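Listed below, chain by chain, are the residues.
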Amino acid sequence: MVASNAAWEEAQALFTTLLSNAAERRDFSHLARRLVPVYRRGRAAGGVCEAQSLARPGPSTALSAAPGLDQAEVEAVLATSPRWIPPDSQGHGALGDPATTQPWHWGVTAAHRAVRLMLSKLRTDLDGSPTAELQAAVAEVDAQLRRVLAVRDELERTLAGLIPPRQSGAAAVAVAVNTQLTRLRIPEVLGHVVTAAALRVASVYGQTPQAVLECVLTVEVLACSLNARVSSPRPAPFKLLRLGPDVEVPVLSHHEAGALAGRLGALKLYGTQVNHFAAFGLPQWRDWDWLCGRLDAVAHLGAALDASPEWIKSTQAAVLAAEGSDPDDYAQRIKAMRGVDTDRLHKAMIDDERGGQSLFDLGRRLIQVAASAAGDTSASARWLRVAVDPCSPADKPGTVRLMRWLTHPARANAWSRLASRHAVLPEPAVPRLLDLKAHAIALATATALALLAVAGVSVATGTSVRGATAAAAGVLIGFLAVLLAGAGILLLLTSINSGHRTRWTRAVGGLLAAGAAVAGLVAWCRTAQAPGSLTAAAAAGTAVIFLGLLSLGGAAGLHGLRRGAGRLVRPHSRKK
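Below, the structure is looked at part by part. (Residues numbered from 1 in each chain as written. Predicted model: local features only at pLDDT ≥ 70, side-chain atom pairs only at ≥ 80, totals over all residues. Heavy atoms only, no water.)

**Regarding the overall build of the protein**
We count it as follows: Only DSSP runs of H or I covering at least 4 residues are called helices, and only runs of E covering at least 2 are called strands; the numbering of each starts at the N terminus. For each residue, the accessible area found with a 1.4 Å probe, counting protein chains only, is set against the maximum for its type, and the residue is called buried under 20%, exposed over 50%, and partly exposed in between. Two residues form a contact once any of their heavy atoms are found within 4.5 Å. Computed by Shrake-Rupley with a 1.4 Å probe, the accessible areas treat only the displayed protein chains as cover when residues are assessed.
Across its full length, the protein carries 22 helices and 0 strands. When burial is assessed residue by residue, the protein has 41% of its 576 residues classed as buried. Sequence-distant contacts, at least 24 apart, represent 71% of the contacts inside the protein between residues at least 6 apart. When the accessible surface of the protein is split by element, carbon and sulfur atoms take 62% of a total near 30300 Å².

So, in structure tokens, the structure goes:
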């Protein structure tokens, strides 16, 4: 009976019902007592079969049950008064009576099933309601189950060499088993262990120990009356063999790297780096992990099979030769793995053609995943692609082109850090509204038109040459003021965004800006000296020029913002 067996689950359900329902317990207990004679015959045959399985020669464990007994052999076994089955009088007395449980007259197999059934009930309730009382009960009953297993193992060990051959008859086997049970005082020991487990379960569920034992033995009789003749197959004994990378490499016994490989353990593998994703980076990294795995397998399996150190060493040398390596090369690469970290792995990938392309493709796939998570048609997904996707098409609306141009330095530097030369992004075209050359041409055109307006007004009104010259001088000085102010703004932005000669450029930019302000004041003063009509024309022209200044300053500010955003992400320094 194992936990995965449906019969075991039904036995657990029946035990739970009997423990909580006194009427059901009484009815099923009465039925079980009537089946005790059937149970006795089945367990008499089953105990002999188990003992005969233990007597098979050789170090292997029998995984199949011994052949069953016929009716005559069962009667002969019963005549020996087996100590692993309850007496015939049990069919008339209450199950769980101390007369049959202290000492335990139900055998080691029944004791194992009984304690395990109680422990299973406690663990099921602990999963549903983890209380301190249940935890303590589980620990105590689990300790009793371990004692039962220790008794079983000791009995099987001593019986293995004492069971007579099958031709001696089933009765002779029963006598040998009875002798060992008596010699080892197993009924007395098991009586104490099972009763202690029942006492602990009774304290948890508010029952008496005898009631708990009655429930357990009722389930035992009802579940095993029809199949107790065949012993339950036992799993073969085994020992766990741990295979891991923390093993020395005998082929490097002459080199310090042999012990270093064992100390590094999993750190010598790329597959354990970067949250176990590094081996996806480069094919040669996967080849290295494969080589280490083969060498470690030779060391572990050789030790498991008691192979000599010379055989392990020679086999590892053959593995290195088959992989196109040798002990010295392997030792050097083991030493190199000591300093491996995420930064070094990333640099190695971006310097490799395939590695850099893999990183580039990975970055684009992450953008797609993020956009899908936000909703492919949503505004956030669209602007995410516009800002960071390196391959977004250029034929987009003006706002998209503006965003692509504005975020290009930061985007280019970020992709440079991710995939280096594999992410050289083309420079997007400057939007027309931000073209500084176009602003300068427009400003010069506005100045020329203002001068023409001053000249036309002078001719029309017959203004003196002095007045017309004063108005024209005001317009020209205003134009120079705009140019000086624009140059000052650009120098200030450049000094803020670059870290080179910051004090000098800031000083020059400040002087130019101050000069532009003084020039503007002088321009207005000169314009005020002209006649009224000329003053209006010069003032209008100067106002146009100052509007150009605002436009030029705004464009220059966006250029500076673009450069500043780009410098927030440090570009990758490429190899020369």
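**Overview of the pattern of salt bridges**
Test applied: Think of a salt bridge as a Lys or Arg side-chain nitrogen and an Asp or Glu carboxyl oxygen that are within 4 Å of each other.
Within the structure shown, the criterion is met by 13 salt bridges. D246 is paired through a salt bridge with R242; the nearest N and O atoms lie 3.0 Å apart. What makes D246 partly exposed here is its relative accessible area of 39%. The partner of K347 in a salt bridge is D343, with the nearest N and O atoms 3.4 Å apart. Of this pair, K347 and D343 both sit in helix α15 (residues 342-350), 4 residues apart, roughly one helical turn. Taken together, the shared-partner salt bridges in this structure form one network comprising R123, D142 and R146.

**What to know about the side chain of E214**
Basically, it comes down to this: When charges are counted, Lys and Arg contribute as positive and Asp and Glu as negative, whereas His and the chain ends are disregarded.
Within the secondary structure, E214 sits in helix α10 (residues 209-224). It is R33 that comes nearest to the buried, bridge-free E214 among opposite-charge side chains, at 4.9 Å. Apart from residues no more than four positions distant in its own chain, E214 is found in contact with R25, S29, L95 and G96.

**With respect to the packing of helix α2 (residues 22-34) against α10**
Selection rule: Simply put, an axis is a line fit to the C-alpha atoms, just over the touching stretch for a helix, and the angle between two N-to-C directions goes from 0 to 180 degrees. For classification, angles of less than 35 degrees are called roughly parallel, those exceeding 145 degrees roughly antiparallel, those between 65 and 115 degrees roughly perpendicular, and all remaining angles oblique. Here a crossing is called left-handed whenever its near helix is offset anticlockwise from the far helix by less than a right angle, and right-handed whenever the offset is clockwise. Gly is placed with the polar residues, together with every amino acid not listed as nonpolar (Ala, Val, Leu, Ile, Met, Phe, Trp, Tyr, Cys and Pro) or charged (Asp, Glu, Lys and Arg).
Two numbers describe how α2 lies on α10: the axes approach to 9 Å, and their chain directions differ by 50°. Our classification of the angle between α2 and α10 gives oblique. As for how α2 packs across α10, the hand of that crossing is left-handed. In this structure, α2 uses R25, F28, S29, L31 and A32 to contact α10, whose residues at the interface are A211, E214, C215, T218, V221 and L222. Each residue belonging to the contact of α2 with α10 can be placed in one class, and the counts come to 7 nonpolar, 2 polar and 2 charged.

**Thoughts on the packing of aromatic side chains**
Basically, it comes down to this: Stacked, tilted and edge-to-face pairs are distinguished by plane angle, under 30 degrees for stacked and over 60 for edge-to-face with tilted covering the rest, among Phe, Tyr and Trp rings (Trp via its six-membered ring) whose centres lie within 6.5 Å. The criterion for a charge sitting over a ring is simple: Lys NZ or Arg CZ within 6 Å of the ring centre, and within 35 degrees of the ring normal.
Going through the model one piece at a time under the given rule, you end up with 5 aromatic pairs. Arranged with centres 6.5 Å apart and planes meeting at 45°, the rings of W104 and W106 form a pair that is tilted. By the burial criterion, W104 is buried, and W106 matches it. Members of the aromatic cluster, each reached through a chain of ring pairs, are Y39, W104 and W106. A cation sits over an aromatic face here: R116 above W8, 4.5 Å from the ring centre.

**Description of unusual backbone geometry**
For the bond running from Q102 to P103, omega is 0°, close enough to zero to count as cis. Within the secondary structure, P103 sits in the loop between α5 (98-101) and α6 (107-128). Here N275, not a glycine, exhibits a phi torsion of approximately 55°, which is positive. If you trace the backbone, N275 turns up in the loop between α11 (257-264) and α12 (283-304). At H276, a residue that is not glycine, the phi angle is positive and equals roughly 70°.

**Observations concerning helix α16 (residues 353-374)**
Keep this limit in mind: To estimate how far a helix should extend, the number of its residues minus one is multiplied by 1.5 Å. Arc definition: it is the arc formed by the directions from the helix axis to the C-beta atoms. Any N or O atom pair separated by 3.5 Å or less is treated as a polar contact, with the protein-specific requirement of one donor-capable and one acceptor-capable atom, and with residues adjacent in sequence counted only for side-chain atom pairs.
Here α16 is 22 residues long and its end C-alpha atoms lie 32 Å apart, about the 32 Å a rise of 1.5 Å per residue gives. Within α16, burial applies to G355, G356, L359, F360, G363, I367 and A371. Seen along its axis, α16 keeps its buried residues to an arc of 160°; they face one direction. More than 90 degrees from the buried face of α16, the exposed residues found are R354, R365 and A373. The backbone nitrogen of R354 has a side-chain oxygen 3.0 Å away, supplied by the residue at the start of α16, namely D352. After α16 finishes, the residue G375 shows a positive phi value of roughly 100°.

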